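# Descriptive structure summary
What follows is the residue order along each chain.
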Amino acid sequence: MDAIVVEELRKRYGRVQALDGVSFRVSGGEVFGLLGPNGAGKSTTVKLLATLTTPDGGRAEVAGHDVVRDADAVRRSIGYVPQSSGVDRDATGRENLMLQGRVQGMGGRALHKRVGELLDLLGIAQAADRVVRGYSGGMKRRLDVGLGLVHRPQVLFLDEPTTGLDPEARASMWEELGRLAAGESLTILLTTHYMEEADQLADRIAIVSRGRVVVEGTPEELKASLYGEAVEVEIIDGRAADAEAIVDTLEGVHEASVEGRKLRSRVVSGARAIPAILSALEASGIGVESVTTHRPSLDDVYLHYTGREFAAEDAAGGRDGDAPAAR
Amino acid sequence: MTLAVRHTWFMVGRQLRNLMREPIWIALLLVQPMVWLLLYGQLFKRVTHLPGGGFGTTSYITFLAPAIVIMNAFFGATWSGMAMISDLDRDVLPRFLATPVSRISLVVSQIVRSALIAVIQGVIILVVSLALGVRVHAALLGWAVVLAAAALMNAAFAGLSQGIALLVRKEATMIAIANFIGLPLFFLSSTLISIRQVPHWMRVAAKFNPVNWGVISAREVVLRGTDWAAVWLHLGLLFGLSVATAAFATWTFRAYQRTI
């Protein structure tokens with residue numbers, strides 16, 4: 001069953017069309033990444049799905065409940081980790097978690113046990129009874145995630161979970177999130193503008209630009225959809241032109257071209273194309289010096305689909321003062 | 001409804017727990033009302049002997065004490081929206097809004113917290129007054145009325161303060177508005193001096209001043225010859241105003257939600 005269904009969502013803030021018909025589906029247990037520059041509509045999508053605001057058009061379901069008509073049922077099924085930490089900084093970590101559990105209808109020994117469990121899981125047990133004001137950025141963010149998990153939600157929304165963290169805290173957060181995604185049978189919707197984060201954590205990705213999903217797929221599919229893989233074959237005995245003619249006829253090999261001794265081509269899958277290329281060349285008696293491939297990174301995909309303006313959009317939409325996405 | 005009450009209780013607990021961690025805040029909570037009582041008590045000591053009278057007692061401190069309870073509750077209320085702004089600034093509210101928490105509890109808990117503190121301070125003022133020789137004429141019922149007036153006084157303006165906080169969402173603006181409302185209403189009441197001693201127009205204005213409603217209710221039960229009709233009338237007016245401002249705050253909360 002689909003844990004999240006989004007159909008043609010629209011939302012306007014004043015003169016800004018934040019969402020202009022966003023659609024996607026996320027199946028149960030999946031980690032889904034919404035990728036895009038600041039101002040693309042990622043956070044707005046999450047706010048709509050978390051029932052903080054209502055759409056102007058379209059519809060959305062989370063855990064089988066309509067986000068407008070059945071908002072309270074959605075709220076019981078989700079954990080929401082907002083972009084900017086919503087913890088009560090004057091309370092302790094444990095108090096924050098206890099209160100969150102209580103408003104989710106938990107109580108008594110079950111709640112105490114769950115809170116202890118989460119504090120251990122997130123590695124903040126030693127700081128549990130300290131006021132959050134003294135927490136490091138990474139600890140505070142872990143607590144944010146904990147607040148989203150207290151009531152064992154079916155769907156967890158993570159809005160920019162590692163923005164503003166130093167590289168070390170980010171890496172350890174990724175580790176935690178990876179473990180979470182594997183451990184609890186949880187559907188996770190994650191927004192980010194870090195390619196690496198999406199690549200590492202998400203099973204599937206949708207790239208959002210100007211309030212629309214421009215492309216969707218697994219990170220591998222997206223990379224393959226763009227350029228495939230680049231294969232470069234170095235020919236020994238000056239028969240590069242012959243080699244080009246042979247390789248060009250092979251299935252799954254595109255845009256073969258020669259430059260000096262180098263035969264370049266794009267293939268859908270290097271693992272499948274390379275043996276075919278090599279055996280075809282060998283059959284014609286053409287010697288091969290070396291074969292190299294490189295894969296287009298998610299950065300290339302992102303750049304391709306969000307267009308060149310994304311750097312400008314990032315600068316214009318960047319409210320959190322964070323450096324633009326790693327690329 | 002029961003859910004709203006439970007959630008209000010949780011939220012009041014959160015606010016009080018956090019405040020209990022601030023030793024300076026607690027110290028001022030206890031000392032501030034006594035300072036008012038002693039300072040004003042000394043400053044205006046002799047006004048009860050003014051020609052024209054109207055004080056109902058020759059002991060100025062007896063005249064003053066119940067009004068200080070009200071004044072303290074009133075000023076506390078005008079600032080109560082600051083906590084809401086702090087929650088807004090720190091994005092605590094959006095986090096709660098993604099849970100099934102009762103929306104109304106997020107607003108009402110701020111008012112209840114504010115009124116509770118006013119009652120605690122009221123008890124302190126009454127105890128200190130007792131030590132200074134003030135006797136509450138209506139005895140135990142009188143204490144209850146003074147504290148009820150303090151709670152309603154505070155709730156009425158805390159609702160207003162929360163509503164304004166949700167509309168302006170800026171500390172500096174909130175401070176300006178609190179000052180703008182606070183001092184004029186305070187001086188247009190009979191807190192410090194008998195209403196018979198002030199110019200006619202002020203006497204008329206005071207009739208419509210909620211701060212004065214609170215002062216009348218509280219003072220009537222302390223002085224001899226309690227006019228119970230006046231007590232209940234003014235408590236009723238304060239109650240009505242509290243309901244109205246709580247509704248206003250709830251309405252502004254919905255307006256805030258639409259901006260998310």
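Counting from 1, residues in each chain are numbered in the order their sequence is written. Whichever chain is written first is A, and whichever ligand is written first is 1; the rest continue in order. Only residues with pLDDT of 70 or above have their local features reported here, since the model is predicted, and side-chain atom pairs are shown and tallied only from 80 upward, although totals for entire chains, interfaces and linings are computed over all residues. Think of the side-chain values as coming from all heavy atoms in the structure, minus any hydrogens and water.

What follows is about the overall build of chain A. The secondary structure listing takes helices from DSSP runs of H or I that are at least 4 residues long and strands from runs of E that are at least 2 residues long, numbered from the N terminus. The secondary structure content of chain A amounts to twelve helices and 14 strands. Split into buried and exposed, the 327 residues of chain A put 52% on the buried side. Taken as a whole, chain A presents about 14200 Å² of accessible surface, with 48% of it coming from carbon and sulfur. Under the convention used here, Asp and Glu are negative, Lys and Arg are positive, and both His and the chain ends fall outside the count. To locate a charge, take NZ of a lysine, CZ of an arginine, CG of an aspartate or CD of a glutamate. Side chains of chain A give 39 positive and 50 negative charges; the mean places of these two sets differ by 7 Å. Three labels apply to residues, based on accessible area from a 1.4 Å probe with only protein chains included: buried if under 20% of the type maximum, exposed if over 50%, partly exposed otherwise in between. In this description, accessible areas are obtained by the Shrake-Rupley approach with a 1.4 Å probe, and a residue is regarded as covered only by the protein chains that are shown.

Here we come to the overall build of chain B. Helix and strand counts for chain B come out as eleven helices and zero strands. Scanning chain B from its N terminus toward the C terminus, one meets helices and strands in the order α-α-α-α-α-α-α-α-α-α-α. Here chain B has a C-alpha radius of gyration of 19 Å; the compact-globule value for 260 residues is 18 Å, and the two agree. Taken along its principal axes, the extent of the C-alpha atoms in chain B is 60 × 35 × 35 Å. Going through the 260 residues of chain B one by one, you find that 53% of them count as buried. Residue contacts follow a heavy-atom distance rule, with two residues in contact if any of their heavy atoms lie within 4.5 Å. Restricting to contacts in chain B with at least 6 residues of sequence separation, those with at least 24 account for 80%. Note on method: radius of gyration uses C-alpha positions; expected globular size equals 2.2 Å times residues raised to 0.38.

On to the packing of aromatic side chains. Here is the rule: rings of Phe, Tyr and Trp (six-membered ring for Trp) pair when centre to centre is within 6.5 Å. Planes less than 30 degrees apart are stacked, more than 60 are edge-to-face, and the remainder are tilted. The final tally for this structure, using the stated rule, is 14 aromatic pairs over all chains. The interplanar angle of 55° and the centroid separation of 4.8 Å between the aromatic rings of Phe186(B) and Phe187(B) together place this pair among those described as tilted. Of the residues examined, Phe186(B) reaches a relative accessible area of 4% and is grouped as buried. A network of ring pairs unites the aromatic residues Trp36(B), Tyr40(B), Phe44(B), Phe55(B), Tyr60(B), Phe63(B), Phe74(B), Phe75(B), Phe157(B), Phe186(B) and Phe187(B) as a single cluster. By the criterion adopted, a ring carries a charge over it if an Arg CZ or a Lys NZ lies within 6 Å of its centre and within 35 degrees of its normal. Here the guanidinium or amino end of Lys11(A) rests over the ring plane of Tyr13(A), the centre of that ring lying 5.3 Å away. Cation over ring: Arg219(B) sits above Phe63(B), and NZ or CZ is 3.4 Å from the ring centre.

A few words now on unusual backbone geometry. At Arg152(A), a residue that is not glycine, the phi angle is positive and equals roughly 50°. Looking at the element boundaries, Arg152(A) is found in the loop between helix 5 (137–149) and strand 7 (155–159). Judged by its relative accessible area of 49%, Arg152(A) falls in the partly exposed class. In this structure, Asp91(B) takes a positive phi of about 60° despite not being glycine. Inspection of the secondary structure puts Asp91(B) in the loop between helix 4 (81–89) and helix 5 (92–97).

Right, let's talk about the sheet that holds strand 7 of chain A for a bit. Residue and element names in this part refer to chain A. Any two strands with at least two DSSP bridges between them are considered paired. A sheet is described by the order of its strands in space; here six strands give the open sequence 6-7-8-3-9-10, paired in mixed fashion. In this open sheet, the two edge strands, each paired with only one partner strand, are strand 6 (78–81) and strand 10 (212–217). When the angles between neighbouring strand axes are averaged without regard to direction, this sheet yields 15°. Together, strand 3 (31–35), strand 6, strand 7 and strand 8 (187–192) form the strand contacts of helix 1 (residues 42–49), whose direction differs from that of strand 8 by roughly 150°. The axes are straight lines fitted to the C-alpha atoms, using for helices just the contacting stretch, and the angles between their N-to-C directions are given from 0 to 180°.

Residues and elements named next belong to chain A. As summarised here, the arrangement of the four strands in space is 2-1-4-5, forming an open sheet in which the pairing is antiparallel. Of all strands in the sheet, those bounded by a partner on one side alone are strand 2 (16–27) and strand 5 (65–66). Summarising the sheet, strand 1 (residues 2–13) and strand 4 (residues 57–62) pair through five bridges and their orientation is antiparallel. The residue of strand 4 that forms the bridge with Val6 is Ala60.

In this section: the interface of chain A and chain B. A common way to state how big an interface is: give the accessible area lost once the parts meet. With 30 residues of chain A at the interface, the matching set in chain B holds 22 residues. A combined buried area of about 2400 Å² lies between chain A and chain B, and 53% of that area is made up of carbon and sulfur atoms. Should a side-chain nitrogen of Lys or Arg be within 4 Å of a carboxyl oxygen of Asp or Glu, the pair is scored as a salt bridge. For the pair chain A and chain B, the interface holds four salt bridges. Secondary structure elements with two or more residues in the side of chain A that touches chain B: helix 2 (71–77), strand 6 and helix 3 (93–103) of chain A. If one sorts the elements of the side of chain A that touches chain B by residue count, helix 3 of chain A sits on top with six residues. Among the residues making up the side of chain A that touches chain B, the classes are represented as eleven nonpolar, nine polar and ten charged. Each of two parts loses accessible area, computed with a 1.4 Å probe, when they are put together; buried area is these two losses added. Polar here means any residue other than Ala, Val, Leu, Ile, Met, Phe, Trp, Tyr, Cys and Pro, which are nonpolar, and Asp, Glu, Lys and Arg, which are charged; Gly is therefore polar.

Turning to the nonpolar core, a few remarks are in order. Grouped together as the largest cluster of nonpolar side chains are 51 residues, with contacts concentrated most on Ile4(A), Phe24(A), Leu49(A), Val62(A), Phe157(A) and Leu189(A). For Phe157(A), the residues in contact, after removing those within four places along its chain, are Ile4(A), Val46(A), Leu49(A), Ala50(A), Val62(A), Ile78(A), Gly79(A), Tyr80(A), Val81(A) and Leu189(A). Only buried residues count toward a nonpolar core, which is a set of Ala, Val, Leu, Ile, Met, Phe, Trp, Tyr and Cys residues joined through side-chain atoms within 4.5 Å. Counting residues in each nonpolar core, the second largest holds 49 residues, with Phe75(B), Val128(B), Leu147(B) and Leu238(B) among its members.

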